[in-house]
Every structure is written in structure tokens, then in C-alpha cells.
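Geometric and topological summary
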Amino acid sequence: MSSGDSGPSSSKQLVQQPAAAGRSPNQPPLLGAGGRKVIVLKSGDEEEFEVDLLDAMQSRTLRRAIEDGCGDGPMPLPNLTGPVLAKVVELFRRHRGDPRWADELQETEKEGMFKDYAPQKPTAEVKGFDREFVSVDRDALFDLLRAANFLEAPGLLDVTCDAAADAVMNMTVEEVREYFGLVNDYTPEEEAALRKQHEWAFQ
Amino acid sequence: MWDRLPLDLLAHIFSFLPPLSLARAMAVCGHWHACVLSDPSGGRRGRAASCPWFLAMHARPVAAKPPCYVYSLELRRWHALPLDFLPFPVRLVASVANAGLLLCRLAAGSRFRLLLCNPFTRQHKLLPDLIVPRSNPAVGVVPGDAPGGAASFQIYAAGGATGGGYEPTLEVYESRAGVWRRAGATPAGFAVRLTVWTPNESVVAGGVVYWMTSARAYSVMGLEVATGAWREVKVPLADRLEWAALVGRRSGRLGLVGGCGQGEGWVWELTEGEQSWVVVGVVPEEVEGRKWAGGAATRCVGGDREVYLYGGELGKGMVVGREVGDSSSSGHEEERWEWKWIEEYCCSAIPGREKAVAVGGGGGAPFKGVLFHPSLSPSCLR
């Protein structure tokens, strides 16, 4: 996957000629309900999901792939399972136009193509959805974190990282290690010194 | 597998953690420790950024470098932070809120010298001497805007006394350059008033650094950063206020908190163009069923949403007001604020040492407080 060269010029090109790269001129662009452009994401376990192109653009990883012309056929995402991808796609849909993460799309908005991304204040409904989205057990949360990291989607990252922070916020050091399955690589002396340094946090 | 949790992802999680959790995260494993230290923002997003901490230091240096005390409204706890890493006894001047630093002055000797420190990372840095030596200049901190990177800031030193009179100049310290430079004039009228009446904390609003003279009748002095122009702003009830302090407001405007004794108090906001003061909050006479003194000994510090009122002695508790409503919403000023009584004594922060601190505090030793966002990352002082 290329990176770094997906600057404004290539996004502009994409907007003017949606999903055109690699497609023969007589093929129609992919259209979903209401004539919107859609792409298909395929999970590691072969489940396919239709996603609004604009929603998929919330992920920098997907955006780069689309700009490189990989958006025509189903886009394989082998490290994401069907259930995880289903959740992620739903979040992208709910976050459409959310100003907290729509910054990157504002540039293209000037072209008039991403009207749905005109920032709208996140509603209580969206906030409620976000809370519900991460009301899952530890393993499911880890799956979502991995997906967020792989997809590089700011909204998904914020929601999942906030939840992970919430989970460990009031844990002791031992509980945190247990939760994340981490190995303590300090010598007893080193750990004692660290606890001493921030004594106020261990009272 | 989480041993190899990508640094980016971990840093993103940490950016949502409050300082207490970050301090514990550092003791989890080496990877996490390195991640906390590498964060130039020091974890100031989301909830972690929502509420500054109150920090109090003995206003007059006490022998044997006593600790400073920090209070977190969210944790509802006091902590003691030792200051034994400082090579000199100091007095607290201000906080560099965006960098998690405290600005102090050396307590010993007549020569004026500033020092920056972070009590969480136990770092300190002695600033160079001013170009023109002076005592008691007004000191103001202007935060720079460097999103994502290490915070930058400027420190202004205005006026001050010299051997025979008042120093009519202004100097500024740039955190990036690390040196003082001459930055214009402090007209004699301002130098005299800011120097004679030991200046209170400065507050920056709308590109102007404001100081309040700390003697009645109160008056506010403003220095416009861009032009170096000085001005005076009248204070509401100036001759009646027994205590008063400037605070920054969420709206970006200047705020003023003050009262006339007997528990009365108000929060004002300066309107655009410095035309007038509008009452935006009322300090109730009774907080959680207790009358608070509200006399001339009242000290006040404020942040975007919070106002802390305390006596010179912290052991007697504090009153904290938190603005909960939206300023655009209609309704009475009284209803926009939640007032709480903080009963916990700061001396209980150190088990077994209550007595030692009580001697310092109970004997009438005054404290000075500031609000700031703690940073556990050493990058701000590198």
C-alpha cells in the first residue's frame, strides 16, 4: 500500500473522476441506492460489505487504496473478521459528517462532492451509538482497537482508545498487566524506583 | 501480542488518560514507560484535558523545602509532591499551564531570578538573568500555540524596582530561544503601580496580558502583546472589593472574581472592547450548607470553567465553583454554577506527616495556588 503521496492533488483527481482508475471507460461507476458510489469490503472470513465510498474515506488506509485504484472489485481486508468489519462499517455510517473527524474531508468538500460531510454537530444519538459501540468485552475491544489501528480512521481510533483508557483508568499496575497480558520486564529494584518517583500515584 | 502494541496506538490511548493513570502506566513495563515519556503533549486530550489541577505552594519559603500540594477535582484527592529536587528555595509565581510547568522565583537574595520546574518529572531549569537587573517586576506568561508539539510560551517581565527608582522597560523570554530580549517600555505610571503593589497572577485574554494591582482600590493593567501598548481598565466595585483576582474565561475574555466580605462574591466578564463588566456568576454565601468567610484573606485562582477560593491557609478547606451551563443558555447566573466545599486538608496527603504540615499551615503560613495541567513527559523542559 502506498503512503505519503496521497496529497490534495490525488484526492482532487479522485473527486473529479470517482473510482475511475483501472476502470475501462465504458464501465459505469459503482452505484448504490440513490445513485451513490459504493465500494465493497471483504473480511478475512469472506464476508462482503457494501460501504458508501464517502464513509470509507474516513479510513486513511482505505482512502489510499481507493486512490490507488483498488476500489473496483471487493477490497480484501484479511486481518478483519466479518463481525468486526460489520461494526466498523456501521460506525463509519453513523459518523458521516461528524466535524470531530471530518477535517480531512473538508478540502474535498470544496469540490462540492462530499456534501454529506458538511459538518454537523455530533448528536446525542451519535454519542450514544459510540458508547454502545464499545460496550463490549475485552477481547472484542482489542479486535476493534486493532481494526482502528489498521484502518487509521480517526473517529474509530478516538472511540476505541477512549474506551481502552476508560477500562484501565482506575486499575492498579498489576491489573493493567493482567488486562493487556503484559510481561513485567522491570527488576524489582527498577519498579520500586518508579513507584517511588511517582509516589503520589500509588497512595 | 499486546507487548507489541504499536507505539502510535498506545500513545493514542494514553492521550485519554489522566496524570494519575499515566504515572501508573509508567510502572507497567518498559515499553509503556517509553511511550509516556515520548508524548510531547503530555496527555492533554479528552477527559485528561478537561479539568486542570490546583497546586499550592507555601507563599513564604519555609525551611527544609516543604512539598507542594496538588488537588484534582476529578479525583477529589490531595497529593504531596516533594520539591527536594530544587537546588534553591523558591516562591511560586505562576503556572505555564500549557506546558505543565511552574514558574518560580528564587526566594533567597534580593536579585530577581526565575526558575521553571515540573514537580512531576522533577526537572528544573534556571532562566538567565534579565538584561536589566531589577526587583519585583510584574511577570506574565503568554502561552504559544503549537498543537501536537512541545508547548512554547513567552514570559514577560515588566517594570520593577531598581536601585534608585522604577525600571521603565519590558523584557520577554522566549521558551524556544531560551533568552531574554528587550520588548519595549513600561511607562513609569504602570511600573510604579505594578511594582509597589506586588502583582497578582497575570491572565492573557484577547492578545492582552492583564495584571491586577493587589491593593485597594483594585485596578487592572493591560499590555497588548502585539503593539506593546499599555492601558488601564477600571474594576467593578473597585473601592469596595475586599478580595479580587483575574481569571481566564472560556469565552476567551477576561474574568474577574471578587467580593466585599461576608461571603458575597461575583464573577464578572469584561465585554468586548473593554467597555464594561457583566456579572456571569454569583458566589453563594453558603456552600453545601456552610458559610464561607469570604474576607480580605480570600485568595482566588480560576481556569476556563473553574474558580477556586481559598484562604491563605489551605487547611481550612476550599470553595470550588464549576461552570456547568452554557454561557449562551438563558437563565440566572446563579444556576450556571455548581459550588462545592472541599473539606479534605492538603496535609492529609502525606500519611503520618499531618502534624508536621499542620505546624507550617496552622501557624498561619500562607499558601499560593495556581491551576495547571500536569505533564509527566520531560519534553517540555528539554
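Residues numbered from 1 in each chain as written. Chains lettered and ligands numbered in written order. Predicted model: local features only at pLDDT ≥ 70, side-chain atom pairs only at ≥ 80, totals over all residues. Heavy atoms only, no water.

1. Let's talk about the overall build of chain B
- The number of helices and strands found in chain B is six helices and 26 strands.
- In chain B, which comprises 382 residues, the share counted as buried stands at 55%.
- The contacts in chain B between residues at least 6 apart in sequence include a share of 51% that link residues at least 24 apart.
- On chain B, roughly 15200 Å² of surface is accessible, and the fraction owed to carbon and sulfur atoms is 53%. (Helix = DSSP H or I, 4+ residues; strand = E, 2+ residues; numbered from the N terminus. Buried < 20%, exposed > 50% of the residue type's maximum accessible area, 1.4 Å probe, protein only. Contact = heavy atoms within 4.5 Å. Areas by Shrake-Rupley, 256 points an atom, 1.4 Å probe, with all protein chains shown as cover.)

2. A few points about the UniProt feature "domain: SKP1 component dimerisation" (unreviewed entry) in chain A
- The sites that carry the UniProt feature "domain: SKP1 component dimerisation" (unreviewed entry) are, in the present numbering, residues 154–201 of chain A.
- Structurally, residues 154–201 of chain A comprises 69% helix and 0% strand, and the distance from its first C-alpha atom to its last is 30 Å. (UniProt positions renumbered as here; feature names shortened; annotations may be inferred.)

3. Overview of the nonpolar core
- Among the nonpolar cores identified, the biggest contains 85 residues, and Leu41, Phe180 and Trp200 of chain A together with Phe14, Trp32 and Leu102 of chain B are the most heavily contacted of them.
- For this core, the element with the highest residue contribution is helix H8 (residues 154–168) of chain A, accounting for eight residues. (Core = buried A, V, L, I, M, F, W, Y, C linked by side-chain atoms within 4.5 Å.)

4. Quick notes on the pairing of strand S3 (residues 77–81) of chain B
Residue and element names in this part refer to chain B.
- Judged by how many residues are buried, S3 sits mostly within the fold: four of five residues are covered.
- Inspection of the sheet shows strand S2 (residues 68–72) paired to S3 by five bridges, in the antiparallel sense. Within S3, the position partnered with Tyr69 by the bridge is Ala80. (Pairing = 2+ DSSP bridges.)

5. Some points on the side chain of Glu171 of chain B
Residues and elements named next belong to chain B.
- One can find Glu171 in strand S10 (residues 169–174).
- At 2.8 Å, the side chain of Glu171 forms a polar contact with the backbone nitrogen of Ile131.
- Engagement of the side chain of Glu171 in a polar contact is seen with the backbone nitrogen of Val132, the distance being 2.8 Å.
- Setting aside anything within four residues of it in sequence, one finds Glu171 in contact with Leu130, Ile131, Val132, Arg134, Ile155, Tyr156, Ala157, Trp180, Arg181, Arg182 and Ala183. (Polar contact = N/O pair within 3.5 Å; in protein donor to acceptor, adjacent residues only side chain to side chain.)

6. Structural notes on helix H6 (residues 124–133) of chain A
Residues and elements named next belong to chain A.
- When we look at burial in H6, the residues that qualify are Val126, Phe129, Asp130 and Phe133. Taken end-on, H6 shows its buried residues confined to a sector of 100 degrees, consistent with a single buried face. In H6, the exposed positions angled more than 90 degrees off the buried face are occupied by Ala124, Glu125, Arg131 and Glu132.
- Buried residues along H6 sit in contact with helix H4 (82–94), helix H7 (138–151) and H8. (Arc of directions from axis to C-beta.)

7. Some remarks on the state of the cysteines
All names here are of chain B.
- In the structure shown here, the tally under the stated rule is zero disulfides over all chains.
- Free cysteine: Cys68, not disulfide-bonded; nearest cysteine sulfur from Cys117 at 7.4 Å.
- Note on Cys104: no disulfide assigned, nearest cysteine sulfur contributed by Cys117 at a separation of 4.3 Å. (Disulfide = S-S within 2.5 Å.)

8. Topic: the sheet that holds strand S1 (residues 38–43) of chain A
All names here are of chain A.
- Read across the open sheet, the three strands follow the order S2-S1-S3; overall the sheet is mixed. Either end of the sheet is taken by a strand with one partner, and the two such strands are strand S2 (48–52) and strand S3 (75–77). Each neighbouring strand pair of the sheet contributes to a mean axis angle of 35 degrees, computed without reference to strand direction.
- In terms of strand pairing, S1 meets S3 through three bridges, oriented parallel. (Axes fitted to C-alpha atoms, helices over the stretch in contact; angles between N-to-C directions.)

9. Focus: the interface of chain A and chain B
- Listed per partner, the contact involves 33 residues of chain A and 33 residues of chain B.
- When chain A packs against chain B, close to 3100 Å² is buried across both sides, 65% of that on carbon and sulfur atoms.
- Put simply, chain A and chain B have zero salt bridges between them.
- Here chain A is connected to chain B by nine residue pairs in polar contact (both at pLDDT 80 or more).
- Per-element tally for the side of chain A that touches chain B: the top contributor is H8 of chain A, with eight residues. (Buried area = accessible area lost by both parts, 1.4 Å probe. Salt bridge = Lys/Arg side-chain N within 4 Å of Asp/Glu carboxyl O.)

10. Some remarks on the pattern of salt bridges
- Under the definition given, this model contains 28 salt bridges over all chains.
- Arg64 of chain A serves as the salt-bridge partner of Glu152 of chain A, at 3.1 Å between the closest nitrogen and oxygen. Highlighted residues: Glu152 of chain A in the loop between H7 and H8 and Arg64 of chain A in helix H3 (residues 60–67), separated in sequence by 88 residues.
- Note that Glu174 of chain B is salt-bridged to Arg181 of chain B, the shortest N-O span being 2.7 Å.

11. Observations regarding the confidence of the model for chain B
Residues and elements named next belong to chain B.
- For chain B, per-residue confidence averages 82 on the pLDDT scale, and residues scoring 70 or more make up 81% of the total.
- Considering only residues more than four positions removed or in separate chains, one finds that residues 348–363, a stretch of pLDDT under 50, has 19 contacts.
- For this predicted complex, the interface confidence reaches an ipTM of 0.79, while the overall pTM sits at 0.79. (pLDDT = per-residue confidence, 0-100.)

12. With respect to the packing of aromatic side chains
- Scanning the entire structure with this criterion turns up 20 aromatic pairs over all chains.
- Pairing Trp53 of chain B with Phe120 of chain B gives two aromatic rings, centres 5.9 Å apart and planes at 75 degrees, and the pair type is edge-to-face. Highlighted residues: Trp53 of chain B in strand S1 (residues 53–58) and Phe120 of chain B in the loop between strand S6 (114–118) and strand S7 (123–126), separated in sequence by 67 residues. Note on accessibility: Trp53 of chain B and Phe120 of chain B belong to one class, buried.
- Where Trp266 of chain B meets Trp268 of chain B, the ring centres are 5.8 Å apart and the plane angle is 40 degrees; that geometry is what we call tilted. Note on accessibility: Trp266 of chain B and Trp268 of chain B belong to one class, buried.
- Among the aromatic residues, ring-to-ring pairing joins Phe142, Tyr179 and Phe180 of chain A together with Phe14 and Trp32 of chain B into one connected group.
- The lysine or arginine in question, Lys87 of chain A, covers the ring of Phe133 of chain A, its NZ or CZ lying 4.7 Å from the ring centre.
- The lysine or arginine in question, Arg138 of chain A, covers the ring of Tyr179 of chain A, its NZ or CZ lying 5.9 Å from the ring centre. (Phe/Tyr/Trp six-rings, centres within 6.5 Å; stacked < 30°, edge-to-face > 60°. Lys NZ or Arg CZ within 6 Å of the ring centre and 35° of its normal.)

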